[in-house]
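# Breakdown of the fold
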Amino acid sequence: MEASKKHPLDTFTHLSITYHESLPHVTHIKLNRPRKRNAINTVMWREIGEAFRQIGTIGDGTRCVLLSGSGKGFCGGIDITDEKFFSGISPDNSSDDEESSIDMARKALAFKPQISEMQAAFTALEECPVPVVAAIHGACVGAGIDMTCCADVRICSPNTVFSIREARLGLAADVGTLQRFPKLVGFGSRVRELCFTGEDFSSEDALNIGFVSRISKSESQLLGEANQIISKIIANSPVAVTVTKSSLNYSRDHTVREGLDHVALTNSAALMSEDLVKSFMMTSGGGGAAEFAPLQPHSRL
């Protein structure tokens, strides 16, 4: 059984990565800095990218990812006590005289790759070939919003407090919220208000604007309700689900015509799968739950 096996990616410092305790083909990734409210430091940031770039591509059998946070909250945002985040602005190996002699353009060009690296870590959730279901509780602030914008499905507990906090800290959000959040919920007045003010918004607000698809009855039932969604996802063909995620992401950023061409090309291969017949049999009442072959490891140089 999957739950009895050690996950091949359970090697990180600030992420707990395990096979789901009760659902086959599911990997549970848990943000694991509970004493820091899962605030993301530079090590954890790199680990998030590394983990999601590999999940579902290394022959680990994953068909869906459950993403949650340990302790009292999902994610307290960026760990501003980690000075490495700001080393690109004031390099440690430069004296005050050397630092003052470097003009702003050169500093900016040197710092931009760090921002791009941070963006890429969260984009890895979006580019992960299998769906990511985020179960959010407690605080989900700043970088927590950036990250969950990249999940495919988001649900939260009644006590969840969200905040696009960056403007209150003196910066514009630069790792995905301003680009993804409006595409998820619209570009209306309320969205701009939340981004400009940095004010908190509740689980009910998140549900009303469509950022989450449901609120659990209680915090203790959050993971159970996430599991219900996941169990329905993994009952379907992993080929169909992977192609569906790819098409949804592609179509979001392209015209309808381009999206149609993309899914036609992808499905011309995917429809050759044995999963099609198995799925027809399952939905027509010709058998119980279908057994689908695992996705193959991705080929790499």
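An account of the accompanying structure is given in this report. (Residues numbered from 1 in each chain as written. Predicted model: local features only at pLDDT ≥ 70, side-chain atom pairs only at ≥ 80, totals over all residues. Heavy atoms only, no water.)

## Comments concerning the pattern of salt bridges
With the rule as written, the count across this model stands at 14 salt bridges. A salt bridge links Asp-205 to Arg-190, with the nearest nitrogen and oxygen atoms 3.7 Å apart. One end of the pair, Asp-205, is in helix α7 (residues 203-209); the other, Arg-190, is in helix α6 (residues 189-197), with 15 residues separating them in the sequence. Overlapping salt bridges bring together Glu-126, Arg-180, Lys-183, Arg-252 and Asp-253 as one network. (Salt bridge = Lys/Arg side-chain N within 4 Å of Asp/Glu carboxyl O. Helix = DSSP H or I, 4+ residues; strand = E, 2+ residues; numbered from the N terminus.)

## Here's the deal with the sheet that holds strand β5 (residues 139-141)
A sheet is described by the order of its strands in space; here 3 strands give the open sequence β5-β7-β8, paired in mixed fashion. The sheet terminates laterally at β5 and β8 (200-202), the two strands that pair on one side only. Here the average twist between neighbouring strands, direction ignored, is 25°. As paired strands, strand β7 (residues 161-163) and β8 are joined by 3 bridges and run antiparallel to one another. Paired with Ser-163 across the bridge in β8 is Asp-200. (Pairing = 2+ DSSP bridges. Axes fitted to C-alpha atoms, helices over the stretch in contact; angles between N-to-C directions.)

## Remarks on the side chain of Thr-148
Among the secondary structure elements, Thr-148 is positioned in helix α4 (residues 143-148). The exposure class assigned to Thr-148 is buried, which follows from its relative accessible area of 0%. A polar contact of 2.8 Å, which involves the side chain of Thr-148, links it to the backbone oxygen of Gly-144. Not counting chain neighbours up to four residues away, the residues in contact with Thr-148 comprise Phe-74, Ala-134, Ile-136, Cys-140, Arg-154 and Phe-211. (Buried < 20%, exposed > 50% of the residue type's maximum accessible area, 1.4 Å probe, protein only. Polar contact = N/O pair within 3.5 Å; in protein donor to acceptor, adjacent residues only side chain to side chain. Contact = heavy atoms within 4.5 Å.)

## Overview of the sheet that holds strand β3 (residues 64-69)
Either a parallel or an antiparallel arrangement is found when strands of a sheet pair, and the pairing is made through backbone hydrogen bonds. The 6 strands lie next to each other as β1-β2-β3-β4-β6-β9, forming an open sheet whose pairing is mixed. Strand pairing shows two members of the sheet lacking a second neighbour, β1 (15-19) and β9 (214-215), which therefore form its edges. In the sheet, β3 pairs with strand β4 (residues 132-136) via 3 bridges, with the strands oriented parallel. Looking at the pairing, Leu-66 lines up with Val-133 of β4. Contacts from helix α8 (residues 222-234) reach β2 (26-31), β3, β4, β6 (153-156) and β9, with the element oriented near 165° to β3.

## Side note on the layout of surface pockets
Here the largest pocket is characterised by a volume of approximately 600 Å³. In terms of lining, the largest pocket is formed by 28 residues, of which the most central are Ile-78, Ile-80, Phe-86, Leu-169 and Leu-171. Among the secondary structure elements, those contributing two or more residues to the lining of the largest pocket are α3 (104-127) and α4. Among the elements that line the lining of the largest pocket, the one with the most residues is α3, at 4 residues. Here the residues of the lining of the largest pocket are counted per class, giving 17 nonpolar, 5 polar and 6 charged. The computed volume of the second largest pocket comes to approximately 300 Å³. In terms of lining residues, the second largest pocket is bounded by 15 residues, among which Ala-151, Asp-152, Lys-245, Leu-248 and Asn-249 are the most central. The element best represented in the lining of the second largest pocket is helix α9 (residues 238-252), accounting for 6 residues. (1 Å grid on protein atoms, 1.4 Å probe; cavity = no way out; pocket = protein on both sides within 12 Å on 5 of 7 lines; lining within 4 Å. Points joined across faces, edges and corners; volume = space filled by probe spheres on them. Nonpolar A, V, L, I, M, F, W, Y, C, P; charged D, E, K, R; others polar.)

## Notes on the pairing of β4
Among the 5 residues of β4, 5 are classified as buried, and the element is accordingly described as predominantly covered. Taken together, the 4 bridges between β4 and β6 define a ladder with parallel strand orientation. Directly across from Ala-134, in β6, lies its bridge partner Arg-154.

## Some details on a nonpolar patch on the surface
Taken together, Leu-271, Leu-276 and Phe-280 make up a surface patch of nonpolar side chains, about 290 Å² in accessible area. Positionally, Phe-280 belongs in helix α11 (residues 275-283). Given a relative accessible area of 55%, Phe-280 falls into the exposed group. (Patch = residues over 30% accessible without salt bridge, like charges linked within 9 Å, V, L, I, M, F, W, Y side chains within 5 Å. Areas by Shrake-Rupley, 256 points an atom, 1.4 Å probe, with all protein chains shown as cover.)

## As for the side chain of Ser-157
Along the polypeptide, Ser-157 turns up in the loop between β6 and β7. The class of Ser-157 is buried, set by a relative accessible area of 0%. Within the structure, Ser-157 has its side chain in polar contact with the side chain of Asn-159 (distance 2.4 Å). With residues near it in sequence (within four places) discarded, Ser-157 still touches Ile-136, His-137, Gly-138, Ser-203, Ile-215, Ser-216, Glu-219 and Leu-222.

So yeah, pure geometry; function would need other evidence.
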